Amino acid sequence: MRLAGLLAAALFAAAVALPAAAQDAARGAAISAERSGAAISAERRGAAISAERRGAAMAAERCAACHGENGRSAMEGTPSLAGQPALFVTTQMILFREGLRQVPAMTAVAEGMADGTIEDLAAHFASLPPGPPEDRRPRDEALFAAGQALIGPRNCAVCHLPTLTGREQVPRLIGQREDFLERTMIEYRDGLRVGADSQMNGAVVGLTDAQIAALAHYLSQRD
Ligand code: HEC
Ligand code: HEC
């Protein structure tokens, strides 16, 4: 659509310098370029919506029991998925399917899952509004401040964005379950979880358990 819009604008700009008949022709071309752009974008939107719908049906059947009906997990140790970037969900599902991220709960779920099914599920979870779990504990101001103080020096925002909401293959962190964040960062530090690459292992290297607990508290409390 953006391309069609640019094309339309360029044709209008060219039309200014042309005689009347040519101007009409150029305007006609511009309008039909815009129309076909609109048709293509409507088609894409339609395809995206049906992927989300297929993903929603599958998620209700196969994911909701652990990850929550609305993608916000109420189960200890199980992450919320609502609002995660689609590419992050896709990447992690492929890591589970290929046995590169080994978690018993997820191995069976991801086994043999087709790429298209994974993409539908990812589109669904990305479309859900994120938010903290219902059982989020009250904020401990000292712990929150200790966690916040580590974000800058450790460059977390460089990859996870200043809002810490993630992008592409980098996950959203804020509002995630505190217990999950804490455990998964310990696993990265201790080499028990390796992602698509070792970026996260480097990011948490040398942190103490107390520092990781503070980071987990800060991230889980941020909205
Ligand atoms: C039996 C419970 C269970 C079911 C069912 C389940 N999951 Fe999970 N899932 C987990 C647990 C537990 C983890 C955390 C793994 C860990 O400890 O690192 C997880 C992790 C994930 C992650 C990684 C998220 C992150 O933030 O690191 C994704 C993506 C995921 N699951 C997707 C799905 C999808 C999609 C489905 C349905 C097709 C599904 N899960 C079904 C228990 C489950
Ligand atoms: C160089 C880029 C980079 C930096 C810096 C970085 N991260 Fe990450 N982080 C990633 C990527 C990429 C992933 C997904 C990796 C994977 O596949 O396991 C990730 C995953 C995570 C996860 C797992 C979340 C989940 O839902 O599975 C947590 C928690 C996390 N990062 C916290 C942090 C914190 C806290 C910092 C700063 C101390 C930080 N990251 C710094 C790139 C980065």
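In case you missed it, the structure is sitting above this.
Residues numbered from 1 in each chain as written. Chains lettered and ligands numbered in written order. Predicted model: local features only at pLDDT ≥ 70, side-chain atom pairs only at ≥ 80, totals over all residues.

A. Quick look at the overall build of the protein chain. In terms of helices and strands, the protein chain carries eleven helices and zero strands. Along the protein chain, helices (α) and strands (β) appear in the sequence α-α-α-α-α-α-α-α-α-α-α when read from the amino end. Sequence-distant contacts, at least 24 apart, represent 69% of the contacts inside the protein chain between residues at least 6 apart. (Helix = DSSP H or I, 4+ residues; strand = E, 2+ residues; numbered from the N terminus. Contact = placed C-beta atoms within 7 Å.)

B. A look at unusual backbone geometry. The residue Asn155 is not glycine, and still its phi comes out positive at about 60°. Mapped onto the secondary structure, Asn155 falls in the loop between α7 (141-151) and α8 (156-160). In this model, Leu161 sits at a positive phi of 75°, which is unusual for a non-glycine residue. Position of Leu161 among the secondary structure elements: in the loop between α8 and α9 (178-189). Residue Leu161 is classed as partly exposed on the basis of its C-beta count, with 14 C-beta atoms lying within 10 Å. (Buried ≥ 20, exposed ≤ 12 C-beta atoms within 10 Å, placed from the backbone.)

C. Expanded view of the packing of helix α4 (residues 86-97) against helix α6 (residues 115-127). Close contact between α4 and α6 brings their axes to 8 Å; oriented N to C, the two are set at 140°. By the angle class used here, α4 and α6 are oblique. The two elements α4 and α6 meet at a crossing, and its hand is right-handed. Seen from α4, the contacting residues are Ala86, Val89, Thr90, Met93 and Ile94; seen from α6, they are Ile118, Glu119, Leu121, Ala122, Ala123, Phe125 and Ala126. (Axes fitted to C-alpha atoms, helices over the stretch in contact; angles between N-to-C directions. Parallel < 35°, antiparallel > 145°, perpendicular 65-115°, else oblique. Left-handed = near helix turned anticlockwise from the far one by under 90°.)

D. Highlighting the site of ligand 1. Inspection of the region around ligand 1 gives 20 residues, with Cys63, Cys66, Pro79, Val103 and Ala105 positioned closest. Mapped by element, the contributors of at least two residues to the shell around ligand 1 are α2 (20-62), α3 (64-67), α4 and α5 (104-110). A breakdown of the residues in the shell around ligand 1 according to their chemical character gives 14 nonpolar, five polar and one charged. (Near = placed C-beta within 6 Å. Nonpolar A, V, L, I, M, F, W, Y, C, P; charged D, E, K, R; others polar.)

E. Up close: α4. With twelve residues, α4 extends 16 Å between its outermost C-alpha atoms, agreeing within 8% with the 16 Å of an ideal straight helix rising 1.5 Å per residue. Considered for burial, the residues of α4 that qualify are Ala86, Phe88, Val89, Thr90, Thr91, Gln92, Met93 and Phe96. Looking at the buried positions of α4, the neighbouring elements they touch are α5 and α6. The first or second residue beyond α4 is Gly99, which carries a positive phi of 75°. (Expected span 1.5 Å × (residues − 1).)

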